[in-house]
Amino acid sequence: MKKRFVSLLLALCLILTLAACGGSKGKPTGDSSEPPANESPSPVQEVTPPPVDTARRTTADTDERYPKVVIGLNSDPQNLSPFDPNAASKPYIFFEFYECLFDLENNEYIPVMAESFEHIDDLHTQVKIYDYIYDHAGNHITADDVVFSYQTLLDSGFAIKYSAFADIKKVDDYTVEFTWNYPLDSVGVLEFPWCRTFIFSQKAYEEGNFATNPVGTGPYKVTHFTSGSKVVLEAVDNYWQKDESKISDRHKAKVQTIEYTINTEAAQHVIALKSGAIDFSQVVPDENLKDFEGNEDFSIYVTPASRTFFMTPNVEGAFTSDINFRKAVFYAIDNEALATATGGTVAAKALGSGFFSDYQKSWEDEKTYINTYDPELAKELLKQTSYNGETIMILTSNAELHKNIATVVQNFLTNVGINSDLTLVEPAQLGNYTTQEGWDLFIHDLGGGSQLGAWNRVFNRDEFANGKAFGFIYDDTLQNLYKDALKVANYGPESITELHNYVLENAYATTLVCGKLNMVYNSDIANIFLREGAYLLPGSCDYYLD
Amino acid sequence: MDNTFLSVKDLEVIYTSGKKIVRAVNGVSFSLQRGETLALVGETGAGKTSIAKAIMRILPNPPGKIVGGVVELEGENLLEKSEAEMLEIRGERIAMIFQDPMTALNPLMTVGDQIVEGLRLHNDLTFAEAKKRAEEMLEQVGIPAVRFVEYPFEFSGGMRQRVVIAMALACNPDLLLADEPTTALDVTIQAQVLNLIKSLRQKYGTSMILISHDLGVVAQTCDSVAIVYAGQIMEYGTKRHVFKNPCHPYTRGLFNSLPSMNSDSDRLKPIEGTLPDPTNLPDGCPFHPRCPRATQECKIGVIEPVKVEPGHICRCIHAGAEKSVEDSKRIHSGEV
Amino acid sequence: MAEYILKRCLALIIIVFATAFIIFTILYFTPGDPARALLGASASDAEVAAMNEALGVNRPYLVQLGDFFYDTFIRFDFGESWVYGRPVYEELAARLPRTVLIGLSAMVLNLFFGLLLGIFAGTHGSKWQDSLTMAIAMVFISCPDFWVALMMIVLFSLKLGWLPPYGIGGPEYYIMPIICASLGGIAVNARQTRSSILEVYREDYITTARSKGQRESVVVRRHMLPNALMPIITTIGTGFSRIVAGSAVIETVFSIPGVGTYMLSAINGRDYPAVRASVLFFAVFTCIVMLVVDLMYAFVDPRIKAQYSRVRRAKVQ
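Keep in mind it's a predicted model, so treat the numbers as computed, not measured. (Residues numbered from 1 in each chain as written. Chains lettered and ligands numbered in written order. Predicted model: local features only at pLDDT ≥ 70, side-chain atom pairs only at ≥ 80, totals over all residues. Heavy atoms only, no water.)

(A) Just the arrangement of the chains, in detail. Of all 2 pairs of chains sharing an interface, the pair with the highest contact count is chains A and C. Looking at chain A next to chain B, you find no contact at all, with the nearest C-alpha pair sitting 13 Å apart. (Contact = heavy atoms within 4.5 Å.)

Here you go:
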């Protein structure tokens, strides 16, 4: 009898402990129709880093290099071969040791290895490279090597966004000629062919194994690579570009050794920062930021990221074909509450992220279904449709963040009387689902080189095999507006805004939340340099030298 | 001339099981002369094995405990000795043979190694010397010496029991405790093993306590007999005394229940009833619930042993009350 | 005995073939697009289709199966990893030692400490030592590996600064991973050992040994333990699968580039050659461990050794 009583007591304690743990771990799942009032502080939107202390010596003032910096990566680059530079954590590290003909900055092409370029006609461009480029092994880079680099990339199958590229051929030892498929009048059409195609020596490639021992031309060379664990770069002393004025900020080497260590757990990054094992991380969870506040050894920098979560309808769906239903769905969602509930994100106020340079702040001033939360209006709009309580399907990836967002969205919809089911699918399988009927709403995770670029995978029907834009949208006006906005001649706030407004009028898409970068770093780093606003270039940062 | 080799007085053993206490041995006393064989006879559960294990102090320790009495081996009280001293006594001066030969040997050691283990514990021998001695013992029990390297599973039941005997007698112990050594064997092997024990005993002069419930075996081998019931000795005397003149009602019941070759009988004559619950022994004589001659006085208090003849005691207040054996037979067969 | 080993090796080959077939077929029918996984969300459908064609995943099932078997078993070419861009064999060879080191060390710890704790608990059966040890074992079994790992990292890396939080390098990097990988197994082994010892404790031959005057510690070591060992060996053998399964978790938390993480990223990235090779590796490794475990039975118990050997000696009456 006594034994049974004790066991019962223990079982009760166990259940209570589990319940307590469960309660404190998760954040409120947005069950209420109001944002959780003062329960948890709203997510840190933006924090500017401490300004550079001009009283101290930094690497900006001298040629001296800071000895070593250790960067925490949260995914494995897997291999170092020069193809597929957007995969995993490659964009974080490749641009220190590989170089392309041009760099991309604000949709402009800045020459790097190219000395100059000339459009011969609408479909041909000649590019001349410097005649004194040497790679880390001492090989001289010539036009043959350039052609070889392009050819190898095309053969590998990893050449994406190459629709404009037709051919490349050598003209003389240091000049190549590109042939295009159509006139280059779209913005960003050469992003991949010119700014993401790395140039390397044919001899070095054929004699070596670039997957583990790459030989590039950048300001750093790879001295150690353990797949899944560590990459170590050393500054190159005889960088090929001797003319100081031509070395852009992105190709500097202000620190002698850069070590990247890989760990996929954000919790580990926090521990590594605190114990000094790493000097920089950009995946610090919201709730850990305060651990570093007020601590002199660390600096904090929070910026919006390019990653944006869109929700788009299937315009051929049973109910989502009706514009009133779509608007009802969009008005029913409160982005602020959503951001608070999911953590690590900020609410979207217009169809994109403030991160991009072509994002227009003025979009936020208008009242649209993105920045307005109006469940009453949603219910009214719903009454005008034929919807009668049926269950619709929300489709998205099964990653943690997507799952959380989808769950909160589902709750908001239930509040206005729309019943939904979640279908969570592995990223690799999403393509199978979205190209078929059955789903009603889809939650995307989109990034890109520009705001317009980010919209590419949703609105540009040329991207898709079935000739319709995402969600089976077939709208000539939309397509024309998009293509027009892309044209270099038209590219600007007006054309983008026109496209933005057209999408909103037709309720073709909404945005939910945007990602942000929570960076915490060793306060010896005086000034953080981000390539294209998102990727740290340690060699270009400034460091305190005293 | 005190040839008393082993003297047990008022031995008490209990087993604790949860809250209950099992009184296995309740005030047992007997003595053994050098070279003599004493039989402890009784039903299963009477406490015989507990007595033997108590003497060697190898009772299973969490439940079993010796709570009273004295066990004197050549004048020294074994119950007061330290464990280290007992380690030297076990195997060297007292050895034990167990009931089930199939499980008495370590299945993963060769039989030779097991004999050698005992030898080297008590003698300063090299392995080669011990091996030689072990092989001699094997030969003595009728097992070819080459089988030194074989494992127990390669032997039959009877052969294993011989190995056990070899192992027990390897160090020439003064006292051998044999716990039902032939119960698990068939009759022909039984005879062989008993003869073996007898010859070895005679050769080495070993005293023996034989535990058995088989009166026939007892008759063959023993000098004295003690009848054990519910942890007490009901009757104790020489073989002749007990077999010719059984005094205690329990003893008579045992003899009566033996089927006789000479008479025609349709039914066996068991003793009515069952053993008492050892956690709840009846007051007075433990046998009184089943005894045809029980009276009021039997139910109260401790029954003291009564001397029937010189060297023959009986723990019954009605001892000697019958005028003749025939008289008692009539009473016990239920005719009265 | 040799014949027994030979028969088992033959069985191993058959198992490997069957595993290869099964894993290939499962991957073939698993929905998911290797090219999409490789190129990312921003590539157009046309580019993805071209990549799939280049990878050869559109060919008929039997053609792919035939190619796979030919390459793997005849040419011993495990193919090139689509994600890592270099031969699977190279990558596996580099990562194998780390996983094997952690796995085998964990098994050794399981055996050693599991036995110690189990014997301690078993020989003090029903007393406080037994209850305490089993309570500790229960805690170890219940705690998830990764939680223990994170707690240990906070204590030893952050608060004390004795050990590095993650990565590979010298022996200090492997201390925590090995300990975390072995805790659950130690507990399981301790429980099994305890119950085995308890069973053996009451056996007659233990009483025989004591009656010869043998010291208790030697009785435990020479008489109880070998007889208790059989179920324990079985547990250790099955514990190996637990370690293999746990290796992915441990390697992820401690960021150790081993076969576990390789397999995980290969599965997520639909890197078929890498998945097949890793699975086959684990299958072969497990078979070998099982074979060793079975041979240990023969080593420990002569009755089983007799079963394995063809020559049986007749029982002499």
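(B) Up close: the interface of chain C and chain B. Between chain C and chain B, the contact holds 24 residues from the first and 33 residues from the second. The contact between chain C and chain B buries some 2600 Å² in all, and 60% of this surface belongs to carbon and sulfur atoms. Its largest share of buried area at the contact with chain B, chain C owes to S211(C), K212(C) and P302(C), together 23% of the area lost on that side. Run the count over chain C and chain B and you get 2 salt bridges. For K212(C), the salt bridge identified is with E117(B), shortest N-O distance 3.0 Å. Of all the elements in the fold, those that place two or more residues in the side of chain C that touches chain B are α9 (204-211), α10 (216-253) and α13 (302-308) of chain C. If you tally residues by element for the side of chain C that touches chain B, the top one is α9(C), at 6 residues. (Buried area = accessible area lost by both parts, 1.4 Å probe. Salt bridge = Lys/Arg side-chain N within 4 Å of Asp/Glu carboxyl O. Helix = DSSP H or I, 4+ residues; strand = E, 2+ residues; numbered from the N terminus.)

(C) View of the pattern of salt bridges. Residue and element names in this part refer to chain A. Going through the model one piece at a time under the given rule, you end up with 51 salt bridges over all chains. The residue K68 makes a salt bridge to E259 at a minimum N-O spacing of 2.9 Å. A residue pair is termed long-range when its members are at least 10 positions apart, and K68 in strand β1 (residues 66-73) and E259 in strand β10 (residues 255-262) qualify at 191 residues. Residue E259 is classed as buried on the basis of its relative accessible area, which comes to 12%. (Buried < 20%, exposed > 50% of the residue type's maximum accessible area, 1.4 Å probe, protein only.)

(D) Examining the pairing of strand β6 (residues 94-97) of chain B more closely. Residue and element names in this part refer to chain B. By the alternation rule, side chains of β6 split into I94 and M96 and A95 and I97, which are all buried. Alignment of β6 against strand β7 (residues 175-179), held across 4 bridges, turns out to be parallel. Within the sheet, the bridge partner assigned to I94 lies in β7 and is L175. (Pairing = 2+ DSSP bridges.)

(E) The domain arrangement of chain A, seen in detail. Residue and element names in this part refer to chain A. Along its sequence, chain A is carved into domain 1 (2-24 + 304-516) and domain 2 (74-247). Each of domain 1 and domain 2 has a C-alpha centre, and the two are 36 Å apart. On the side of domain 2, 8 residues touch domain 1, which itself brings 10 residues to the contact. Around 670 Å² of area is buried between domain 1 and domain 2 when both sides are counted, 52% of it from carbon and sulfur atoms. Summed over the three residues of domain 1 that lose the most area to domain 2, namely L486, V488 and Y491, the buried surface amounts to 47% of that side. Summed over the shared surface of domain 1 and domain 2, the number is 0 salt bridges. Where domain 1 packs against domain 2, one counts 0 residue pairs in polar contact (both at pLDDT 80 or more). (Domains from an automatic or database assignment. Polar contact = N/O pair within 3.5 Å; in protein donor to acceptor, adjacent residues only side chain to side chain.)

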